[in-house]
Amino acid sequence: MTSRMQSPHTTCPGCQEEVFLDELVGGKCPLCGCSLEDFDESFGEYEGILDRSDLSWLIFNYFVFKKFVDLGVPPHQIMEFVTTYEQNTDKPPEEWTKTEFVLEIPMSAWDKIKPKHCMKCKKLFFRGGKKSIRGDMRRTNLTVLYSCDQC
């Protein structure tokens, strides 16, 4: 039912009832027969909204978003990364420069107590700090990094 509510619809000027544009009969309201030619022309605008390439980008963005949310990355960081990545793909693949990423994730209970090496100063620390993941969109592996509070 929710997908039905999102389909293009309008209010008929004759009977004032809500009419879905895919239910029009010859450009007329199926309830009262009032002509909706001006609305029928605007229906063509909805056909080109989702192109095949747009659909593949939607699916790609969904799975990237889901993967990072499952890892604990804040949604705002994911959206910034996806936006940067999408702007980068307007160029040929040889010129892509922003395929690498570093995103902050929350520490688990075990991470909070185990000894960690800072990725910047290489010092050993036990408390505090931040956990992040580093990766590249061209590869599948992720590297977990820690940084201390001083860095």
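Residues numbered from 1 in each chain as written. Predicted model: local features only at pLDDT ≥ 70, side-chain atom pairs only at ≥ 80, totals over all residues. Heavy atoms only, no water.

**Student:** Explanation requested: empty space enclosed by the protein in the structure shown.
**Tutor:** One way to see where empty space is left: roll a probe the size of a water molecule over the atoms. Evaluated as defined, the whole model comprises one cavity of 30 Å³ or more. When its volume is computed, the largest cavity comes out at roughly 30 Å³. Sorting the residues of the lining of the largest cavity by element identifies helix 3 (52–71) and helix 4 (75–88) as the ones contributing at least two each. Looking at the lining of the largest cavity, its residues break down into six nonpolar, one polar and no charged. (1 Å grid on protein atoms, 1.4 Å probe; cavity = no way out; pocket = protein on both sides within 12 Å on 5 of 7 lines; lining within 4 Å. Points joined across faces, edges and corners; volume = space filled by probe spheres on them. Helix = DSSP H or I, 4+ residues; strand = E, 2+ residues; numbered from the N terminus. Nonpolar A, V, L, I, M, F, W, Y, C, P; charged D, E, K, R; others polar.)

**Student:** Honestly, the side chain of Asp-136 in this entry has me stumped. Any pointers?
**Tutor:** Of note, Asp-136 is situated in strand 6 (residues 130–136). Dropping the residues within four chain positions of it, Asp-136 is found in contact with Thr-99, Glu-100 and Phe-101. (Contact = heavy atoms within 4.5 Å.)

**Student:** How should the confidence of the model for the protein be read in this particular structure?
**Tutor:** The predicted structure's coordinates, where accompanied by low pLDDT, should not be read in detail. Here the protein shows a mean pLDDT of 79. Residues at 70 or above account for 77%. Across residues 39–50, where pLDDT falls below 50, the model places eleven contacts with residues more than four positions away in sequence or in other chains. (pLDDT = per-residue confidence, 0-100.)

**Student:** Is there a simple way to explain the environment of His-117 in this structure?
**Tutor:** Mapped onto the elements, His-117 comes out in strand 4 (residues 116–117). In this structure, His-117 is in contact with Lys-122, Lys-123, Leu-124, Phe-125 and Tyr-146, ignoring residues within four places of it in sequence.

**Student:** Help me understand the layout of surface pockets in this model?
**Tutor:** Taken as a whole, the largest pocket holds about 180 Å³ of empty space. Lining the largest pocket we find Phe-63, Val-64, Lys-67, Phe-68, Phe-101, Asp-136, Met-137, Arg-139, Thr-140 and Leu-142. Element by element, the count of residues in the lining of the largest pocket is highest for helix 3, at four residues. Taken together, the residues of the lining of the largest pocket sort by class into six nonpolar, one polar and three charged.

**Student:** Can you help me understand the packing of aromatic side chains in this one?
**Tutor:** Given two aromatic rings, their pairing is described by the distance between the two centres and the angle made by the two planes. Counted under the stated rule, the structure contains five aromatic pairs. Judged by centre distance (5.2 Å) and plane angle (85°), the rings of Trp-57 and Phe-60 are edge-to-face. Taken together, the residues span about one helical turn, with Trp-57 and Phe-60 both in helix 3 at a distance of three residues. Their ring planes at 75° and their centres at 5.0 Å tell us that Tyr-62 and Phe-63 sit as a pair that is edge-to-face. By the ring-pair criterion, three or more aromatic residues cluster together here, those being Phe-68, Phe-81 and Phe-101. (Phe/Tyr/Trp six-rings, centres within 6.5 Å; stacked < 30°, edge-to-face > 60°.)

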